[in-house]
Structure formats: structure tokens, C-alpha cells
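Observations on chain architecture
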Amino acid sequence: MASSDTIQVSSLPLPPVQYINLYTDENVRRNRAPRPPPPIHDNYLMFGNTFNADDTIIRPLEAQGIKRLYPQHFDRKRELKKLNHSLLVNFLDLIDLLVLCPDSPRRAEKVEDLSLLFIHIHHLLNEFRPHQARETLRVMMELQKRQRIETALRFQKHLEKVQEILQNALQSLPDTSDLDSKFSVNTEGMEIDNDMSAEQQAVDPCSPSDRIMCKVIDDMLLSNGLY
């Protein structure tokens, strides 16, 4: 078959076009899009089984029409071990029946017994799902907590480093008396250079005090290795 004739099939069915066309941007903006279906408060059908909205997440065996093989109050680990042992014994009995008497009616009984044991084991394991969900959530929250603590510690280290650089920069600033002396010296130099032409002064409009401050800042940056 040619590549042009190849039909791509999606693994999931496409939504109904007559439904998704109602959710245009214009309909949503004008509040004309259909409302979502209301929640179900009564019985509903799913996978061929009838469920009630008020049922617990894990339905008891009696609600499913299954005979309970263990008491109401029990130790789950102990019962799982007993069920596993019973499963092995019944499986060996079924093997013996298939070898010695394949046409025996007890073969169907053993298959039903095995099915009932598997249902009980599956039910006991499902009862651990809420505990598993809580433990998974706890592990996720602990991981998020550890990541946030590590991020805060890294931020604190960077903050302390910046504070140290600023403190060193402030300590390396000269005293105001030194600035005054330098400014006075430059002022005298300005009086000497007053004879400069107006064109030369226009070429370098920076004032002597700005030059002094720029030189001080450059010296600080060089001493701290920031250049």
C-alpha cells in the first residue's frame, strides 16, 4: 500500500464534533456553551456493574454478593498468608483432579474456590490503597519540603556572600577628610587650568568631583576582583 493511502488511527476515540463545536471562543465568552452534566446522586452503571454514589471507595464483599471467608475483625497479614496457603492447596488439588479424573464435577468446584480466593486476596490488597495513597502523598510532601529547604539554604549562602562583598566595599571607602583634601587639590588645579579654551572644556564635561568618585569606585571594584 502506498504511503499516501495510509490511514492514521487514534488510540482514543475522537470527541463528538456536534458537541465540541458548541464550545467555541465566542460561545464561551458570551456564556452560551453548554453546562457540564450535574453530578450523579443515585445509582449508575459502569462496566456492566451497578454502583451507588454514596458507596465507599472500597465496597465490602457483602455489597458485591460475595461470601466472606474471614471474620469482620482480623489481621490482614495473617489472613493474606492463610489465603495464599489455601490458594496453593486448592491449586494442587485441581492438578490432582485433572490428572486422575479429568471429568470429575469437582473440577468446576475447585475453579470456583480458586476464583473466590483470588477475589478475597484482591479485596484485601485494595483495602491498603488509601494507606498507600497517604504514604505516597507524605513522601511527595517530604521531598518538596527538602527541596525548599535546600533552595532556602542556597539563597541564604548567596545573601551572606553579597552582604560580605557590600561590607568590604563600605569598609574600603576613603574617609571624607581624604575626599575633601583631594577635592581641594583638584580645585586648585582647576584654578590653574582656568586658562583652558572653551573648546577643550566642552570636550570633557565631567566635573573633577565626579572623576574622584569614579576613581574611588574603580579602585574598590578592582580590589574586590569584580572587574
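Nothing here was measured: the structure is a model prediction, and the numbers come from that model.

1. So, the overall build of the protein chain
When helices and strands are tallied, the protein chain shows 8 helices and 2 strands. Seen in sequence order, the protein chain has helices and strands lined up from the N terminus as α-α-β-β-α-α-α-α-α-α. Among the 227 residues that make up the protein chain, the fraction classed as buried is 11%. Of the contacts made within the protein chain by residues no fewer than 6 positions apart, 54% connect residues no fewer than 24 positions apart. As presented, the protein chain carries roughly 19,400 Å² of accessible surface, and 59% of it is formed by carbon and sulfur atoms.

2. A short note on the confidence of the model for the protein chain
Across the protein chain, the average pLDDT comes to 78, with 76% of residues at or above 70. Element-level mean pLDDT values for the protein chain span from 50 in helix α7 (residues 198–203) up to 92 in helix α5 (residues 129–171). Low confidence marks residues 188–193, where pLDDT is under 50. Its contacts with residues over four positions away, or in another chain, come to 1 contact.

3. Details of the pattern of salt bridges
Taken as a whole and judged by the stated rule, the model has 7 salt bridges. Its salt-bridge partner being E135, residue R138 comes within 2.6 Å of it at the nearest N-O pair. In this pair, R138 and E135 both sit in helix α5, 3 residues apart, roughly one turn of the helix. For E135, a relative accessible area of 31% gives the class partly exposed. Shared partners join several salt bridges into a network, and the residues in it are E26, R29 and R30.

Cut-offs and rules
Residues numbered from 1 in each chain as written. Predicted model: local features only at pLDDT ≥ 70, side-chain atom pairs only at ≥ 80, totals over all residues. Heavy atoms only, no water. Helix = DSSP H or I, 4+ residues; strand = E, 2+ residues; numbered from the N terminus. Buried < 20%, exposed > 50% of the residue type's maximum accessible area, 1.4 Å probe, protein only. Contact = heavy atoms within 4.5 Å. Areas by Shrake-Rupley, 256 points an atom, 1.4 Å probe, with all protein chains shown as cover. pLDDT = per-residue confidence, 0-100. Salt bridge = Lys/Arg side-chain N within 4 Å of Asp/Glu carboxyl O.

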